[in-house]
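The lines below spell out each chain.
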Amino acid sequence: MSEKIKVVTIGGGSSYTPELVDGFIKRYAELPISELWLVDIPAGEEKLNIIFHLCQRMIRQAGIPMTLHKTLDRREALVGAHFVTTQLRVGQLQAREKDERIPLSHGMLGQETNGAGGLFKGLRTIPVIFDIIRDVEELCPDAWLINFTNPAGMVTEAVRRHTNFRRFIGVCNIPVGMQMFVRDALQLTERDHLSMDLFGLNHLVFIGDVLVNGESRFDELLEGVADGSLTRASSVKNIFDLPFDPGFIRGLRLLPCSYLRYYFKEKEMLGIEMGEFYKGGARAQVVQQVEKKLFELYQNPALCEKPKELELRGGAYYSDAACEVISAIYNDKQSEHYVIVPHQGHVTNIPADWTVEMSCLIGRDGAIPHPRLTRFDDKVNGLVHLIKSFEIAAAKAAISGNFDDLLLAMNLNPLIHSDNDARIVARELLLAHREHLPNFAAAIDALA
């Protein structure tokens, strides 16, 4: 690869973009990006302009020779790109609010990446990602596409199963947050080398072991989580912090990510969300208020760095994770990262054609599953199989636009308990999102 690196960020008007640019600035010595293009759609132009001017100030203050561009023409931006990142939200935050509120109105969990809401986010997103891939294959076929658009697991599964594009890696901030938690909990220094056996599916990952300078310290970490002394430190902004039962954690002998509360503490999580719903609230409304304040901050001409308030957004470190992956590929680092990729038979006790989220080594050829991790723990494989069946069915529905395919995906999800409710909620969500579901036009016309 030439020393000049061109990166294109699709969804450039996102509130996360300053973190991405901050990550590129910090790594400029090892990742000398010469061109960064921020791409958005007309509906996002106002935010794109605000982000562009803030990022220009950040680059100027850093004193690095990185040229920043903004455009509403994706194809113009993609020509000759080396890396493409995707951080888009089809329908913006108004669509997320529908994903949350409509299921809750029927007594179902309403969440943007899980259950019915997560399914419909995937239905809107997958066709757009496929359009982007077609442009990448034509205009920059050697580029790597680093996706942190949710639901990242479902999107990556769809790309693997229904396209021939293989230079695609899904990233998520949850493993990064878990890694930071482990470092804090074990009071590690920058000199300490941490390796984690992390495995599962996106938003459904577990840590099976942690090695510090080659020695396992998993037992003390597990006990700290079980007795409650470390639980709060591991929570994320957008999930209510409920500790797991100590006996369950000790029996499981795995550390579950925060999102697993939706499966292991479904009653409690639904109760909390229903309470918020009846008070007129939804997480999407909180996020919209956070975004409003962030963009007010971003417009301050004196602001030349990523503000601390960005961490309140709920997806902190997504962008930093993407920067690390890009640098690992560019520099052939063969370093450890936690990403969503096809395992291609590396894991022996799950189907060979699945995409999974797990510890990988990343270099110029992309992500290779960590040689130490060749099996998923049998204790949680049933849940992993169930959610993967849902992801596969969801990907098929997103492409076919068939109502029966959609109902199958709805009913395979363990957060949806009635086929009758599944049909009712599917119908309401289809009609609510009809503008962003062109594949389902015929199905929607039949329902309307």
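Just so it is clear, the structure is predicted and the values come from calculations on it, not from any experiment.

### A short note on the packing of aromatic side chains
Here's step 1: Applying the stated criterion to the full structure yields eight aromatic pairs.
Here's step 2: Look at Phe248 and Phe264: their rings are 4.9 Å apart centre to centre, the planes differ by 65°, and that puts the pair in the edge-to-face class. Taken as a pair, Phe248 in helix 9 (residues 246-252) and Phe264 in helix 10 (residues 261-264) lie far apart in primary sequence, 16 residues in all.
Here's step 3: Look at Phe248 and you get partly exposed, because its relative accessible area is 28%.
Here's step 4: A residue is classified by how much of its surface remains accessible, and Phe264, at 33% relative accessible area, is partly exposed.
Here's step 5: Members of the aromatic cluster, each reached through a chain of ring pairs, are Phe199, Phe206 and Phe376.

### Topic: the UniProt feature "binding site: substrate" (unreviewed entry) in the chain
Here's step 1: Taking the numbering used here, the UniProt-annotated feature "binding site: substrate" (unreviewed entry) corresponds to Arg96 and Asn150. Spanning 55 residues, the named residues form one tight spatial group whose C-alpha atoms are at most 11.2 Å apart.
Here's step 2: With respect to the element layout, Arg96 can be found in helix 4 (residues 92-104).
Here's step 3: Residue classification places Arg96 among the buried positions, given a relative accessible area of 3%.
Here's step 4: Looking at where Asn150 falls in the secondary structure, it is placed in the loop between strand 5 (144-147) and helix 6 (152-162).

### With respect to the pairing of strand 13 (residues 366-369)
Here's step 1: Both strand 12 (residues 355-363) and strand 13 contribute to a ladder of four bridges, which runs antiparallel. Across the sheet, Gly363 pairs through a bridge with Gly366, a residue of strand 13.
Here's step 2: In sequence, strand 12 turns back onto strand 13 through a hairpin of two residues.

### Overview of the packing of helix 4 against helix 16 (residues 419-432)
Here's step 1: Relative orientation of the contacting elements helix 4 and helix 16 amounts to 150°, with a least axis distance of 10 Å. Looking at the two axes, helix 4 sits roughly antiparallel to helix 16. In the crossing of helix 4 with helix 16, the sense of the turn from one axis to the other is right-handed. Two secondary-structure elements touch here, helix 4 through Lys98, Asp99, Ile102 and Pro103 and helix 16 through Val425, Glu428, Leu429 and Ala432.
Here's step 2: Here the residues of the contact of helix 4 with helix 16 sort into five nonpolar, no polar and three charged.

### Concerning the UniProt feature "binding site: Mn(2+)" (unreviewed entry) in the chain
Here's step 1: Under the local residue numbering, the UniProt record ascribes the feature "binding site: Mn(2+)" (unreviewed entry) to Cys172 and His203. Their sequence span is 32 residues, while the largest C-alpha to C-alpha distance among them is just 8.4 Å; these annotated residues converge on one region.
Here's step 2: Within the secondary structure, Cys172 sits in the loop between strand 6 (168-170) and helix 7 (173-185).
Here's step 3: Along the polypeptide, His203 turns up in the loop between strand 7 (194-201) and strand 8 (204-212).

### Describing the packing of helix 14 (residues 378-400) against helix 15 (residues 403-412)
Here's step 1: Packing of helix 14 against helix 15 leaves a shortest axis separation of 8 Å and a crossing angle of 160°. One finds that helix 14 runs roughly antiparallel with respect to helix 15. Between helix 14 and helix 15 lies a crossing whose hand is left-handed. On the side of helix 14, the interface is formed by Leu386, Ser389, Phe390, Ala393, Ala394, Lys396, Ala397 and Ser400, while helix 15 contributes Asp405, Leu406, Leu408, Ala409 and Leu412.
Here's step 2: A class-by-class count of the residues in the contact of helix 14 with helix 15 yields nine nonpolar, two polar and two charged.

Conventions used here
Residues numbered from 1 in each chain as written. Predicted model: local features only at pLDDT ≥ 70, side-chain atom pairs only at ≥ 80, totals over all residues. Heavy atoms only, no water. Phe/Tyr/Trp six-rings, centres within 6.5 Å; stacked < 30°, edge-to-face > 60°. Helix = DSSP H or I, 4+ residues; strand = E, 2+ residues; numbered from the N terminus. Buried < 20%, exposed > 50% of the residue type's maximum accessible area, 1.4 Å probe, protein only. UniProt positions renumbered as here; feature names shortened; annotations may be inferred. Pairing = 2+ DSSP bridges. Axes fitted to C-alpha atoms, helices over the stretch in contact; angles between N-to-C directions. Parallel < 35°, antiparallel > 145°, perpendicular 65-115°, else oblique. Left-handed = near helix turned anticlockwise from the far one by under 90°. Contact = heavy atoms within 4.5 Å. Nonpolar A, V, L, I, M, F, W, Y, C, P; charged D, E, K, R; others polar.

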